[in-house]
Amino acid sequence: MENIEKLFGMLNGHAEKIEKEHNVTLLEGILDGLEAWLDGEVDFSQDGATKEDVRKAIQIAVLKGMRKGSQPNHQMTPDTLGLLVGYFVEQLFADRLEAEKISILDPAVGTGNLLLTVMNLLDEKIEATGVEVDELLIRIAAATADLTEQPVSLFRQDALQDLLVNPADAIVCDLPVGHYPNEDVALDYELCASEGMSYAHHLFIEQSINYTKDGGYLFFLAPTHLFESEQSKQLHKYIQKHAWIQAIIQLPDTMFANKALEKSIVILQKQGKEFKAPKEVLLAKVPNMQNKQALAMFFEKVKMWQEGK
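Parameters and conventions
- Residues numbered from 1 in each chain as written.
- Predicted model: local features only at pLDDT ≥ 70, side-chain atom pairs only at ≥ 80, totals over all residues.
- Heavy atoms only, no water.
- UniProt positions renumbered as here; feature names shortened; annotations may be inferred.
- Helix = DSSP H or I, 4+ residues; strand = E, 2+ residues; numbered from the N terminus.
- Contact = heavy atoms within 4.5 Å.
- Buried < 20%, exposed > 50% of the residue type's maximum accessible area, 1.4 Å probe, protein only.
- Pairing = 2+ DSSP bridges.
- Right-handed = clockwise from strand over helix to strand, strands pointing away.
- Disulfide = S-S within 2.5 Å.
- 1 Å grid on protein atoms, 1.4 Å probe; cavity = no way out; pocket = protein on both sides within 12 Å on 5 of 7 lines; lining within 4 Å.
- Points joined across faces, edges and corners; volume = space filled by probe spheres on them.
- Nonpolar A, V, L, I, M, F, W, Y, C, P; charged D, E, K, R; others polar.
- Core = buried A, V, L, I, M, F, W, Y, C linked by side-chain atoms within 4.5 Å.
- Patch = residues over 30% accessible without salt bridge, like charges linked within 9 Å, V, L, I, M, F, W, Y side chains within 5 Å.
- Areas by Shrake-Rupley, 256 points an atom, 1.4 Å probe, with all protein chains shown as cover.
- Salt bridge = Lys/Arg side-chain N within 4 Å of Asp/Glu carboxyl O.
- Lys, Arg positive; Asp, Glu negative; His and termini not counted.
- Charge placed at Lys NZ, Arg CZ, Asp CG, Glu CD.

The name given to the chain in an unreviewed UniProt entry is Class I SAM-dependent methyltransferase, with the source organism recorded as Lysinibacillus xylanilyticus.

Visitor: Quick rundown of the UniProt feature "domain: DNA methylase adenine-specific" (unreviewed entry) in the chain? Include the residues and the values.
Guide: The feature "domain: DNA methylase adenine-specific" (unreviewed entry), as given by UniProt, occupies residues 89-292 in the numbering adopted here. The span residues 89-292 is 29% helix and 27% strand, and its two end C-alpha atoms sit 22 Å from each other.

Visitor: Explain the environment of Ala-57 to me, and be specific about the residues and the numbers.
Guide: Summarising the element assignment, Ala-57 is placed in helix α3 (residues 51-68). In this view, Ala-57 contacts Ile-4, Leu-7 and Phe-8; residues no more than four positions away in its chain are not counted.

Visitor: Hey, could you go over the environment of Pro-181 for me, with residue numbers and the actual values?
Guide: Locating Pro-181 in the fold gives a position in the loop between β4 (168-174) and α8 (183-186). Taking relative accessible area as the criterion, Pro-181 reaches 65% and is therefore assigned exposed. C-alpha of Pro-181 to C-alpha of Ala-200: the two residues are 19 residues apart in sequence and 8.4 Å apart in space.

Visitor: I'd like a rundown of the pairing of strand β3 (residues 152-156), residues and numbers included.
Guide: With 5 bridges joining them, strand β2 (residues 126-132) and β3 adopt parallel strand pairing. Note on β3: the bridge partner recorded for Gly-130 is Leu-154. Between β2 and its parallel partner β3, the chain crosses via helix α7 (residues 135-147), and the hand of that crossover is right-handed.

Visitor: Just give me the short version of the state of the cysteines, but keep the residues and values in it.
Guide: Summed over the entire model, instances satisfying the criterion amount to 0 disulfides. Left unpaired, Cys-173 is separated from the closest cysteine sulfur, that of Cys-192, by 19 Å. Among the residues examined, Cys-173 registers a relative accessible area of 0% and is labelled buried.

Visitor: Just give me the short version of empty space enclosed by the protein, but keep the residues and values in it.
Guide: Where empty space is left becomes clear once a probe the size of a water molecule has been rolled over the atoms. Counted by the stated rule, this structure contains 2 cavities of 30 Å³ or more. Empty space within the largest cavity amounts to approximately 50 Å³. Every residue along the wall of the largest cavity is listed here: Arg-55, Ile-58, Gln-59, Val-62, Met-76, Thr-111, Gly-112, Asn-113, Leu-116, Ile-140 and Thr-144. Per-element accounting of the lining of the largest cavity gives the leading share, 4 residues, to α3. Split into classes, the residues belonging to the lining of the largest cavity amount to 5 nonpolar, 5 polar and 1 charged. Taken as a whole, the second largest cavity spans an internal volume of roughly 30 Å³. Lining the second largest cavity are Val-109, Gly-112, Leu-115, Leu-116, Ala-141, Ala-145, Val-152 and Leu-154. Secondary-structure elements contributing two or more residues to the lining of the second largest cavity are α6 (113-121), α7 and β3.

Visitor: I'd like a rundown of the nonpolar core, residues and numbers included.
Guide: Membership of the largest hydrophobic core comes to 40 residues, with the highest contact counts inside it found for Phe-88, Val-89 and Phe-219. Among the elements that take part in this core, helix α4 (residues 79-92) stands out by supplying 7 residues, more than any other. For Val-89, the residues in contact, after removing those within four places along its chain, are Leu-97, Ile-102, Ile-104, Val-118, Leu-122, Val-172 and Phe-219. Core analysis: the second largest hydrophobic core is formed by 34 residues, Leu-175, Tyr-180, Leu-191 and Ile-205 among them.

Visitor: Please provide a residue-by-residue account of a negative patch on the surface, values included.
Guide: A contiguous patch of negative charge on the surface is contributed by Asp-162, Glu-183, Asp-184 and Asp-188. Within the secondary structure, Asp-162 is located in the loop between β3 and β4.

Visitor: Describe in detail the layout of surface pockets, supporting the description with residues and values.
Guide: Empty space within the second largest pocket amounts to approximately 360 Å³. What lines the second largest pocket is a set of 16 residues, among which Leu-92, Arg-96, Tyr-217, Gln-269 and Phe-275 lie closest to the centre. When contributions to the lining of the second largest pocket are tallied by element, the ones reaching two or more residues are α4, α5 (94-99) and β5 (212-223). Among the residues making up the lining of the second largest pocket, the classes are represented as 5 nonpolar, 5 polar and 6 charged.

Next up, the structure:
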C-alpha cells in the first residue's frame, strides 16, 4: 500500500499543478504526468513497486480525474470486477495457458484498466489488443501499458466499424451501454433495431463475436437487465444462432451505487464445428466480498462446473 500511496501522491501532485497552470482538466493533467514519466522528464518510480502497484496508483489518480470531470463515457471498470473476469479467463483457458499464450481483444478498452488487470493476473501469458474511440482515454491506456510493461496493441477508432485486428481467442469487454448514434454503421448488423436507435451494447456483442475465433470465449460485463429490454428477443435469437451461453454470474448489489447500474458477468463461447454446447450453464451470484466462507463456496461451485464441462 505504501508504494501505491507514494506513486499516487506524486502523480496526483503533478496533475493538479498542470491542471492549475494550464487550465486543463485533472484527467489531462494525469495524462501529462504519465507521458512525462515515460519520457524521463519526471521520475515517479518507487523501489520495489510491482506492475500491480503502478497500475493501481494510476487507476486511483484516473478515478479522481474522472470524478472531477463530467463526461459520461469516462468510466472505469473497478478492480474487483477485473479480477473476477481474469479469474474466469484463467479457469476457461487453464489447459492452454500451461503451454502457450492466448490472444485477448478488448473492443472498448477505455483507460485499459480491465484489460491490464487481466494481463497482470496472467502475467506474460497474453497477447493483447485494445480498441477505443476516445483519444484521451486511449493515450492513458497506452501510457499505463508502457509503465506496467505490458505489451498491448492499441487502435484508436470506433470499434463498431471494420477493425484491423485478427480474431482473438478471448474477448473481455465492459460493454458501453446506451444507444449507438451512427445509424448508417448500425445497418450492417444483425442486431440493428427495426425501429429507432440500436443499442450500442448489443452491437458490441455482435462485433465481439465477429472478432472471436471459433470456440473462443467472450467475457462481458453487461447490464443485469440485458435479456429483459425491448430488444432482448432479437439479442437472444442472435446469440442462439452464433454462440453458446456458458455462464451468467450476477454481481453483488453492494458493488453498485444504484439498481440501474447493476451488472453481471456474461460468458459466451463462439460456436464452431469442432466444439459442443456446454452440458450445463453456470448460473451463480457472487456473494458479498466480505463473506469469506460464502466466497469460498462460490469458487468451489465454479470449480465443480468447470470440471464437469
